[in-house]
Structure formats: structure tokens, C-alpha cells
Amino acid sequence: MIPEEKTNILLVDDSSDKLLALESVLADLDQNLVKATSGKEALRLLLQQDFAVILLDVNMPGMDGFETAALIRQRKNSQYTPIIFVTAISTSEALMYKGYAYGAVDYLFTPVIPEVLRSKVMVFVELERKTQQIRRQAEQLGQLNQDLTRRSAEIEGINKELESFSYTISHDLRAPLRAMQGLSNALVEDYSHCLEPAGQDYARRIAGAASRMDSLIQDLLEYSRLSRAQLELKAINLDLLVDELLTENQSEIDERQAVVTVRRPLPEVRGHATTLMQILTNLLSNALKFVRPGVKPAVSIRAEPQENSHRIWVEDNGIGIAPEHHERIFRVFERLHASDAYPGTGIGLAIVHKGIERLGGRMGIESKPGQGSRFWLDLPKVQEAA
Ligand code: ADP
């Protein structure tokens, strides 16, 4: 614990005996006791430092306690400093009220009862401590705020850099890859007569590797775009979106002789069309891909209402996934199979995961080896989100 700072207490009295008496009563509080023998001196001290409380004698030669209090109240930095009048001159109520009118918080008569004085002064010491604490916290908060603003400006800068870096990758790095792909294809097509079978095989492999690397770069770019993009969420008609999904993937569905069943009508959800399309495309293409050889994929897309969301299910009759892998498959580059068995980049489910996170939804999987996989996505209902 940080030791508490001492607060200043101002004692004002023209009599040094009375000052000494006050001092001895308050010594136990272990605070800084500052003494003044006149109103003028008190005002001078108030210019130099802050006080938790002022104990002010009423009857002083020259400027009396009331006049001093009036001047203290006129100054901005002491206008709220608590004043306790201490006097022996009279117990008249009129004077006491005059004291309150000058902004006193209390009015005590000598001889003061030490315990009473100590506990009254302690209230203001505590108050001052709390005020200082709040002030420090406000300063810290201001500092934190400044740090945050600076950090977000830095992050914005980094994002801009990353954006231009992605742009460079997509254009500069993909161009030579396309050249490799094109030229090795040309080698196979136009020069196969001068190439032995091994040479033709090498050229085909170069084209294949270049094409895989191209997909990898494209997927990575898509992932990084998704992490940074500003997404404006709106009502999405899932029936229309799934129509588009099937149209765009029709050739793959036909090629694999797959049956995709959609249980309609699908609901409206709050989301972002392009992101949802990316999510569903990755889930569908995995469902079509990860089947045992010779098995025709059967995929089902359906929805069921939850309390505040709709749960969308994408289910397949594929090879399934062992529960111990359920978490890691959503990470970038995590794959459970060699690419010659099932080609892929290992970024698809990372895109799904990131996409759902960006849409404020949740996702999960139910699957066992050999028993197909069931992926679910929870997306906010339109009226709930509104
Ligand atoms: P990719 O499809 O490019 O391999 P993903 O990130 O989409 O990468 O998937 C990661 C891994 O999760 C896959 O390699 C596969 O092992 C497993 N997986 C994903 N979807 C399915 C599915 N529907 N059925 C079985 N395994 C799946």
C-alpha cells in the first residue's frame, strides 16, 4: 500500500499560547500543522499552498476572523477550503450565525474538547485525501486517454502500412507466379515433343506449385482484409444469400455430384453480405471436399431460432473431425490432411472464425470421425440488434 500523504492544516490565532494548545491537540493526527498569527499571514500562506481545513480564531487585532474568512472566500483557490471558527469571546448565537454566513463549516468554543476537535478536523483531512485521490485518478485517466488516442493513431498507421503491403504482395508477388504458371503450362502444351515424360511432369508440378502459392496468397489477403475491414451490419435475407451461394458454387456441386438441401424459408439476420458469403462459401466448399473417395457429398443448410439469434447449420456426410481437433482447425494454416489427399491452404476456417467474430456472432462444431460434421453459426436477429 502507498503511504498516505500528509495534508496541510492551517491554524490561525494571534495568541501563541492558543496556537500551541491547538497544535498539541492535533499532533496525534500526524498531519502538517501550519501556524499563522494574523489574518494577513494566513492569506499569504493560502497563496502558497492548499489546506484541508482552516481553524480560524474570530477575535484577532487588525483583521478579525470574519474579515479574513471573507477574503479567503473571495480567492479562487481557497473559495471552498473548509473553515472552522474557534472562539472564546462569546457564545452568542448571532455571532455564530455570522460565522456561518462567512462560509464557516463549524463553530467551536474554547476550551475545545480535544476528541471533538480531532474528529471534526479528521473529517476534513479524509475529505481532502479523497479529493486528492480523485484528482490523481482523473489525471491518470486523462493520461490513459491520451495514450489510447496515441495508440489508436499508431494502429491506424500500421493498418495503412499493412494495406499497402498487402497491395504490393497481391500485385508484385502474384505477377511472377502467374508467369511461372503460364510459362510452365506453355512448356507442357507447346514443347511436349522436345520434353521427356519426366520433364513434362516437372513442368506440370511447377505450374501446380505456383497455383497453390497463388491460392495461399489470395486466402491470406482475404483473411487480412477481413480482419481490418469496416463492416456495416444490416438485415440480410439468408434465402437470397444462399441462392447466390449455390449459383456461385454450382459447377463444383455438379462436378462432385453433390446434393445440397436447403430447408426454407431461411430467416433474416443482422450481418454483412460479403462476409457472410465468404463464411458460407468456405463451409460449403469444405463440406463438398472432405468426403471419403467415391462418396457423393450430401450437404444440408438450415436454421433454427434461438433467444436472440438464429443458429445456421451447415451439415455434411463427410469424413468428420475428431473432437481433439475441433479447436485448432479454426487457426490459420491448421490442416488435418496432406494436400495430395485433400487440397487446401488451411485458411478457410480461420476466415470463417474471424468473419463470425467481426459480425458479433458465435460459431461451433459437432463432429466425430466417420460421422459427418455439423458447423453452426449464431447470428443476431434483426429486431434484437436494432
Ligand atoms: P482447408 O480446407 O484449406 O484445408 P480449412 O481451414 O478450411 O482449410 O480447414 C482446416 C482443416 O479442418 C481441414 O484441412 C480439414 O482437415 C478440417 N475440416 C474442415 N472442414 C471439414 C469438414 N467439413 N469435414 C472434415 N474435415 C474438415
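From a predicted model like this one, the values you see are computed outputs, not experimental measurements.

**Q** Which residues make up the overall build of the chain, and what values go with them?
**A** Helix and strand content of the chain: 11 helices and 12 strands. For a compact globule of 386 residues, the expected C-alpha radius of gyration is about 21 Å, and the chain comes in at 40 Å, more than 25% above that figure. In terms of its C-alpha atoms, the chain occupies a principal-axis envelope of roughly 120 × 50 × 35 Å. Split into buried and exposed, the 386 residues of the chain put 40% on the buried side.

**Q** Go over the sheet that holds strand S7 (residues 259-262) with me, naming the residues and quoting the values.
**A** Read across the sheet, 5 strands follow the order S7-S9-S10-S12-S11 without closing on themselves; strand pairing throughout is mixed. Whereas interior strands pair on both sides, the edge strands pair on one side only; in this sheet they are S7 and strand S11 (362-367). For this sheet the average axis-to-axis angle between neighbouring strands, irrespective of direction, equals 15 degrees. Looking at chain direction, strand S9 (residues 298-305) and strand S10 (residues 309-316) are connected through 7 bridges and run antiparallel. From the neighbouring strand, Val299 faces S10, where its bridge partner is Asp316. Sheet strands in contact with helix H9 (residues 273-289) are S7, S9, S10 and strand S12 (373-380), and its direction is about 170 degrees off that of S12.

**Q** Could you give an account of the nonpolar core, with specific residues and numbers?
**A** With 37 residues, the main nonpolar core has Leu276, Leu283 and Leu377 as its most contacted residues. If you tally residues by element for this core, the top one is H9, at 8 residues. Leave out the neighbours within four places in its chain, and Leu377 touches Ile279, Leu280, Leu283, His310, Arg311, Ile312, Val352, Ile356, Arg362 and Met363.

**Q** Residue-level account of the pattern of salt bridges, with values.
**A** In this structure the tally under the stated criterion is 25 salt bridges. Arg264 is paired through a salt bridge with Asp243; the nearest N and O atoms lie 2.7 Å apart. Of this pair, Arg264 sits in the loop between S7 and strand S8 (268-271) while Asp243 sits in helix H7 (residues 238-248), and the two are 21 residues apart along the sequence. A residue is classified by how much of its surface remains accessible, and Arg264, at 37% relative accessible area, is partly exposed. Taking the relative accessible area as the measure of exposure, Asp243 reaches 35% and is therefore partly exposed. Via salt bridges that share partners, Arg302, Glu304, Glu315, Glu366 and Arg374 belong to a single interconnected network.

**Q** Got a sec to walk through the packing of aromatic side chains? Specific residues and values, please.
**A** A complete count under the given rule lists 5 aromatic pairs for this structure. A ring pair is formed by Phe66 and Phe85, whose centres lie 5.2 Å apart and whose planes are at 70 degrees; its orientation type is edge-to-face. With Phe66 in helix H3 (residues 65-74) and Phe85 in strand S4 (residues 83-87), this pair connects stretches of sequence that are 19 residues apart. Across the pair, Phe85 and Phe66 agree in class, each one buried. Residues Phe330 and Phe375 carry aromatic rings whose centres are separated by 6.3 Å and whose planes lie at 80 degrees to one another, so their mutual orientation is edge-to-face. Of the two residues, Phe330 sits in the loop between S10 and helix H10 (348-358) while Phe375 sits in strand S12, which places them 45 residues apart along the sequence.

**Q** How would you explain the packing of helix H6 (residues 197-228) against H10 if you had to name every residue and give the values?
**A** Put simply, H6 and H10 touch, their axes get as near as 9 Å, and they point 15 degrees apart. Taken together, H6 and H10 sit at an angle that is classed as roughly parallel. Of the two possible hands of crossing, H6 and H10 adopt the one that is left-handed. Judged by residue contacts, Asp219, Glu222, Tyr223, Leu226, Ser227 and Arg228 of H6 engage Ala350, Ile351, Lys354, Gly355 and Arg358 from H10.

**Q** Report on the side chain of Asn249, specifying residues and quantitative values.
**A** As for its position among the elements, Asn249 is in the loop between H7 and helix H8 (250-255). Judged by relative accessible area, which is 8%, Asn249 ranks as buried. When residues no more than four places from it in sequence are discounted, the contact partners of Asn249 are Thr281 and Leu284.

Each value, and the rule that gives it
- Residues numbered from 1 in each chain as written.
- Predicted model: local features only at pLDDT ≥ 70, side-chain atom pairs only at ≥ 80, totals over all residues.
- Heavy atoms only, no water.
- Helix = DSSP H or I, 4+ residues; strand = E, 2+ residues; numbered from the N terminus.
- Rg over C-alpha atoms; globule rule 2.2 N^0.38 Å.
- Buried < 20%, exposed > 50% of the residue type's maximum accessible area, 1.4 Å probe, protein only.
- Pairing = 2+ DSSP bridges.
- Axes fitted to C-alpha atoms, helices over the stretch in contact; angles between N-to-C directions.
- Contact = heavy atoms within 4.5 Å.
- Core = buried A, V, L, I, M, F, W, Y, C linked by side-chain atoms within 4.5 Å.
- Salt bridge = Lys/Arg side-chain N within 4 Å of Asp/Glu carboxyl O.
- Phe/Tyr/Trp six-rings, centres within 6.5 Å; stacked < 30°, edge-to-face > 60°.
- Parallel < 35°, antiparallel > 145°, perpendicular 65-115°, else oblique.
- Left-handed = near helix turned anticlockwise from the far one by under 90°.

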